[in-house]
Protein chains: 2
Amino acid sequence: MSDRILNDQLRGKVMSAEEAAQFINNGDNVGISGFTGAGYPKALPKAIAEKAKEAHGRGEEFKINVFSGASTADDCDGVLAEANAINFRTPYNSDKTLRGQFNSGEAFYSDVHLSHLGQQVVQGFFGDMQVAIIEATKIKEDGAIVPSSAVGNNVEYVEAADKVIIEVNSWQSEDLEGMHDIYVPERLWDRKPFEITNVGDRIGETVHRIDPSKIVAVVETNEADRNAPFKAPDEVSEKIAANFLQFLEDEVAAGRLTYDNYIMQSGVGNVPNAVMAGLLDSKFENITAYTEVIQDGMLDLIDAGKMSTASATSFSLSPGAAQRMNENADFYNKHIILRPQAISNHPEIIRRVGLIATNGLIEADLFGNVNSTNVSGAKVMNGIGGSGDFTRNAYISSFITPSVAKDGAISCIVPFSSHIDHTEHDVMVIVTEQGYADLRGLAPRQRARKMIEIAHPDYRPLLEEYLERGEANGGHTPVDLPTAFEFHTRLAETGTMKK
Amino acid sequence: MSDRILNDQLRGKVMSAEEAAQFINNGDNVGISGFTGAGYPKALPKAIAEKAKEAHGRGEEFKINVFSGASTADDCDGVLAEANAINFRTPYNSDKTLRGQFNSGEAFYSDVHLSHLGQQVVQGFFGDMQVAIIEATKIKEDGAIVPSSAVGNNVEYVEAADKVIIEVNSWQSEDLEGMHDIYVPERLWDRKPFEITNVGDRIGETVHRIDPSKIVAVVETNEADRNAPFKAPDEVSEKIAANFLQFLEDEVAAGRLTYDNYIMQSGVGNVPNAVMAGLLDSKFENITAYTEVIQDGMLDLIDAGKMSTASATSFSLSPGAAQRMNENADFYNKHIILRPQAISNHPEIIRRVGLIATNGLIEADLFGNVNSTNVSGAKVMNGIGGSGDFTRNAYISSFITPSVAKDGAISCIVPFSSHIDHTEHDVMVIVTEQGYADLRGLAPRQRARKMIEIAHPDYRPLLEEYLERGEANGGHTPVDLPTAFEFHTRLAETGTMKK
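Residues numbered from 1 in each chain as written. Chains lettered and ligands numbered in written order. Predicted model: local features only at pLDDT ≥ 70, side-chain atom pairs only at ≥ 80, totals over all residues. Heavy atoms only, no water.

The name that an unreviewed UniProt entry assigns to chain A is Succinyl-CoA:acetate CoA-transferase, with the source organism given as Corynebacterium cystitidis DSM 20524. For chain A, the Sequence similarities (unreviewed entry) comment in UniProt is given as "Belongs to the acetyl-CoA hydrolase/transferase family." (UniProt positions renumbered as here; feature names shortened; annotations may be inferred.)

Quick look at the structure:
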């Protein structure tokens, strides 16, 4: 047995994943750990998938409802979806098979802000939760759980669930211990302020204390997190990053930011990593991050002494960075805090610290309404994730995107967003490789002119034409409803938004 | 001179509104008190309007940018708009003339969440603020200002402005003193938690301390707030109220609410007042309100012993209720707290206390996206106000609306909202006279079925037809972009959304 399970009582509950899967029944609400491909259970999902396939083979129903932190991986959402074992899923998913089931109507997905879900589960918005499956790095002598590479909604799921299953993953570095700040807040209607005023403040414990009588099984694993490689930044990403850094410089020049007060929130991906690479050579110092995911670029900023502290709920690292992280967890431990997502993404703290939110998008319209989730209004990608938590409460909210996608067939600036996740009230700055549009303090007619400036030149005349029709109609917001989705309908008919 | 001005230094600055208007120049950013027709300056706006008309008569430019708490009245926004004296306005307006100028393009309006604007002004998002004009009930011996019937953004505007003008309005009851809780928070990047855990907690002073060297003029007035009468609830309002109360009862039955933990936030209007009338006869006790506006119905609940405390930033009372309030301010003082809107609407506190948000809307679509601001996507009404602050952070967010408007020519449930202010992620429950749709935990396809159930029967077949087209297209969100706005285009062409 692994030397990671040091509590006698819980050593007595060690069993195989197949045995542990007995605790999961058709129709159960199952809360799992895991966030952005880190810290998700690796053994139970396969065992549950097998159980589902066997039930289906017998002509029986077997589907569960899965609640996570955020996205997991092929060996979690993927295997369950392949087995047709998921009825309902929330709050975020990036698995292709499962996404296909959402879009075909075979499975149901509810797109909930990451900071809200834990509370909603505890309050019973989804009914009772039967089981929580939580990955851990270690179980200590006293039974305390050292979480793994993501915290996510573990606190709330353990609190809400009748039964808890712990997966102890020996792949996770033991040096992760000390990095976590596990705070169990009071619940409605007895809540207190979160006493976090600086990104690095700690208010909880480094371990997760779980009532051992709730733990019905402990399963041993030794498997890597998802850890997808990042592409090297391309020319467009570098231009976007340069424009974003210019925006930061202009904020300093305007007296709204200082070189040592940049608190970063960043979505995940290649463009954000290009921004972080740009920051390495910038005048910004003592950068901190109050964000949901620790990415490669943040490790680089920490290594370079540019970033002092990064607070998040999870890692999303390339395989190389994951190895660097695991080998030097002891060092990164001093600079990184992993919190429950209800706290990493909490509006109270986000609003207080005064961060600059920077997220990607699918499309934005002339008035700054942003679609983060549904392609052509219909096909869901991954979900809103934490982008709403941060955008809505940031000191300055920004979005970064190439101006076009699919080799120019799709304009990311459209007349009317085909789905709206962030409204004009919440979107301040949009950055493309063409420049940045600062929408603050502007009326919709003025915003539209700024947005056309950062659209791809191929699409500017079409956007101008739309805007002229809207202006001819009159009104505060110059829309033309009959042609509002002409870009999207042309794309569906001809394969390009171009005329 | 009024016996409301007790400070010698400031008595020396008393002058007429015409004289005080010298401090306002063309192009100035002017912050004013006032929220929902209460507590706005009554004398300076007329004097500024006269000054503008004189300048225009000489062929000179004269327009200012006006920043308020929320809406004011005919004798504030109205006279300024009539004089073409407003270039830019934020964050909320209900004046018809000014609204017309937004929609014709003569004036610019930026629609900002009420809780955000103060911070944005202080941080310089709109440039410098030259003047703040603040209505007060009284100036005390030591120069402290007793605010009047609204607090709004007074703290931030006084902090940001170079010069301050105080209007002392003798119409306001002197018993308002003690009702306010004026807290001046730290600013970026040195903020602390707001130590408010219960609706009635006080963290500030009952007076507003303003650096006297900033005060350039004191003007005496004696004029009533706007105080529009409410209509008696009609049959539809009463049905909506009954359905909303049924929703509350069902939450209690489901264990998600108790009879003595209902914390109310309520938009302003006849339907909310009908809800409050319904609560008088309900099982709910010890109701509290953490909201932005104190309305007639709340006074009734306080009188009846049903509501213990109401926290807001302003009053919006009928003339009769305003008189009752002014005559019994000493009594209501024990039950009402008026805070700065940055605190009454702050996400930190809204999320913490766990309130049920209830606001009106213009239209909602099949997926729960809500339009609160722009009729047919183009013509702005009043703005988003605080509805986003509360909806986004509520324990449960609800909207209440008749299912149809304009004698049935307009369906308030449409295939695709022509403007989106609250997204599917934030809208949990929608109530019409037909019933309530509980959208929590549902995928868009499931939400649409719930929404059709609460639409007016005349529109259900048309909504079904749209949904079938959307479902035939496939996708997580069953939209049909080419016909998404068919209700709106039919309305524009034929005068009704009906076929």
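Additional details are given in the paragraphs that follow.
With that out of the way, let us pick up the relation of the copies chain B and chain A. Its rotation angle being 180°, the transformation that places chain B on chain A also includes 0.0 Å of axial translation and leaves an RMSD of 0.0 Å. These values place the two chain copies in the arrangement generated by a two-fold rotation axis. Minimal C-alpha separation from the rotation axis in chain B is found for Glu-348 of chain B, amounting to 2.0 Å. Here 100% of the interface residues in chain B have copies in chain A that are interface residues too; the copies meet face to matching face. (Least-squares fit on C-alpha atoms with pLDDT ≥ 70 in both. Contact = heavy atoms within 4.5 Å.)

Attention now goes to the sheet that holds strand β23 (residues 413–414) of chain B. Residue and element names in this part refer to chain B. The strand order across the open sheet built from three strands is β17-β16-β23, with neighbouring strands paired in mixed fashion. On the outer flanks of this sheet lie β17 (370–371) and β23, each paired with one strand and no other. Summarising the sheet, strand β16 (residues 363–365) and β17 pair through two bridges and their orientation is antiparallel. Of the residues in β17, the one forming a bridge with Glu-363 is Asn-371. (Pairing = 2+ DSSP bridges. Helix = DSSP H or I, 4+ residues; strand = E, 2+ residues; numbered from the N terminus.)

Residue and element names in this part refer to chain B. Read from one edge to the other, the open sheet built from eight strands follows the order β14-β12-β10-β9-β15-β20-β24-β25, with strand pairing classed as mixed. Every other strand in the sheet has two partners, leaving β14 (336–338) and β25 (435–438) as the edge strands with one partner each. Across this sheet, the average inter-strand angle for adjacent strands is 20°, counted without regard to direction. Pairing between strand β15 (residues 356–359) and strand β20 (residues 396–400): four bridges, direction parallel. By the bridge assignment, Thr-358 is partnered in β20 with Ser-398. Sheet contacts for helix α16 (residues 444–454): β24 (429–432) and β25; angle to β25, the most-contacted strand, approximately 170°. (Axes fitted to C-alpha atoms, helices over the stretch in contact; angles between N-to-C directions.)

The next thing to look at is the packing of aromatic side chains. Under the definition given, this model contains 32 aromatic pairs over all chains. Judged by centre distance (5.8 Å) and plane angle (50°), the rings of Phe-67 of chain B and Phe-88 of chain B are tilted. Of this pair, Phe-67 of chain B sits in strand β2 (residues 64–67) while Phe-88 of chain B sits in strand β3 (residues 86–90); the two residues are 21 residues apart in sequence, bridging distant segments of the chain. For Phe-67 of chain B, a relative accessible area of 1% corresponds to the buried category. On the basis of relative accessible area, Phe-88 of chain B is assigned to the buried category, the value being 8%. The ring of Phe-125 of chain B carries Arg-440 of chain A above its face, with NZ or CZ at 4.4 Å from the centroid. (Phe/Tyr/Trp six-rings, centres within 6.5 Å; stacked < 30°, edge-to-face > 60°. Buried < 20%, exposed > 50% of the residue type's maximum accessible area, 1.4 Å probe, protein only. Lys NZ or Arg CZ within 6 Å of the ring centre and 35° of its normal.)

Time to look at the side chain of Arg-256 of chain B. Mapped onto the secondary structure, Arg-256 of chain B falls in the loop between α8 (235–253) and β9 (263–266). Every residue in contact with Arg-256 of chain B, bar those within four places of it in the chain, is listed here: Gln-123, Gly-124, Phe-125 and Trp-189 of chain A together with Glu-251, Tyr-395, Asp-438 and Arg-440 of chain B.

Here the focus is the environment of Ala-228 of chain B. Residue and element names in this part refer to chain B. By the element assignment, Ala-228 lies in the loop between β8 (215–221) and α8. Each C-alpha atom, one on Ala-228 and one on Gly-320, is 9.8 Å from the other, the two residues being 92 residues apart in sequence. Residue contacts for Ala-228: discarding those within four places in its chain leaves Leu-317, Ser-318 and Pro-319.

Quick look at the interface of chain B and chain A now. Listed per partner, the contact involves 82 residues of chain B and 82 residues of chain A. Across the interface of chain B and chain A, roughly 6,800 Å² is buried in total on both sides, 55% from carbon and sulfur atoms. By the criterion of area lost to chain A, the three top residues of chain B are Trp-189, Arg-351 and His-425 of chain B, representing 12% of everything that side buries. Inspection of the region where chain B meets chain A yields four salt bridges. Its salt-bridge partner being Glu-348 of chain A, residue Arg-352 of chain B comes within 3.1 Å of it at the nearest N-O pair. Linking chain B to chain A there are 49 residue pairs in polar contact (both at pLDDT 80 or more). (Buried area = accessible area lost by both parts, 1.4 Å probe. Salt bridge = Lys/Arg side-chain N within 4 Å of Asp/Glu carboxyl O. Polar contact = N/O pair within 3.5 Å; in protein donor to acceptor, adjacent residues only side chain to side chain.)

Chain-level pLDDT for chain A is 97 on average; 100% of the residues reach the 70-or-more range. The ipTM value of the predicted complex is 0.98, and its pTM value is 0.98. (pLDDT = per-residue confidence, 0-100.)

Sequence positions flagged by UniProt for "domain: Acetyl-CoA hydrolase/transferase C-terminal" (unreviewed entry) are, in local numbering, residues 323–466 of chain A. Between the end C-alpha atoms of residues 323–466 of chain A the distance is 51 Å, and the span holds 31% helix and 24% strand.

Glancing now at the side chain of Asn-359 of chain B. Residues and elements named next belong to chain B. Note that Asn-359 resides in strand β15. Among the polar contacts listed, one links the side chain of Asn-359 to the side chain of Gln-265, at a separation of 3.0 Å. Aside from chain neighbours lying at most four places away, what touches Asn-359 is Gln-265, Ser-266, Gly-267, Ser-387, Thr-391, Ser-398, Phe-399 and Ile-400.

Next up on the list: the pattern of salt bridges. Following the criterion strictly, the structure yields 67 salt bridges over all chains and no others. Here the salt bridges share partners, and the residues they tie into one network are Arg-4, Lys-138, Lys-140, Glu-174 and Glu-177 of chain A.

Now for the domain arrangement of chain A. All names here are of chain A. Splitting chain A by domain gives domain 1 (8–221) and domain 2 (235–494). Measuring from the centre of the C-alpha atoms in domain 1 to the corresponding centre in domain 2 gives 29 Å. Taken together, the 46 residues of domain 1 in the interface contact 46 residues of domain 2. Here domain 1 meets domain 2 over a buried area of about 3,600 Å², counting both sides, of which 57% is carbon and sulfur. Of all residues in domain 1, Met-179, Phe-194 and Val-199 give up the largest surface area on contact with domain 2, accounting jointly for 21% of the area buried on that side. Where domain 1 touches domain 2, the interface holds one salt bridge. As a salt-bridge pair, Asp-181 and Arg-339 come within 3.3 Å of each other at their nearest N and O atoms. Those elements giving two or more residues to the side of domain 1 that touches domain 2 turn out to be α5 (96–104), α6 (114–122) and α7 (154–160). Partitioning the side of domain 1 that touches domain 2 into residue classes produces 21 nonpolar, 17 polar and eight charged. (Domains from an automatic or database assignment. Nonpolar A, V, L, I, M, F, W, Y, C, P; charged D, E, K, R; others polar.)

Attention shifts here to unusual backbone geometry. Negative phi values dominate among residues other than glycine, just as trans dominates among peptide bonds. For the peptide bond that leads from Thr-90 of chain A to Pro-91 of chain A, omega is 0°, which places it in the cis range. By the element assignment, Pro-91 of chain A lies in the loop between β3 (86–90) and α5. Residue Trp-189 of chain B is reached from Leu-188 of chain B by a cis peptide bond, and omega for that bond is -5°. Counting through the fold element by element, Trp-189 of chain B comes out in the loop between β7 (161–169) and β8. Unusually for a residue other than glycine, Ser-376 of chain B sits at a positive phi of about 50°. When you line up the elements, Ser-376 of chain B lands in the loop between β18 (374–375) and β19 (379–380). Overall, the relative accessible area of 24% leaves Ser-376 of chain B in the partly exposed class.

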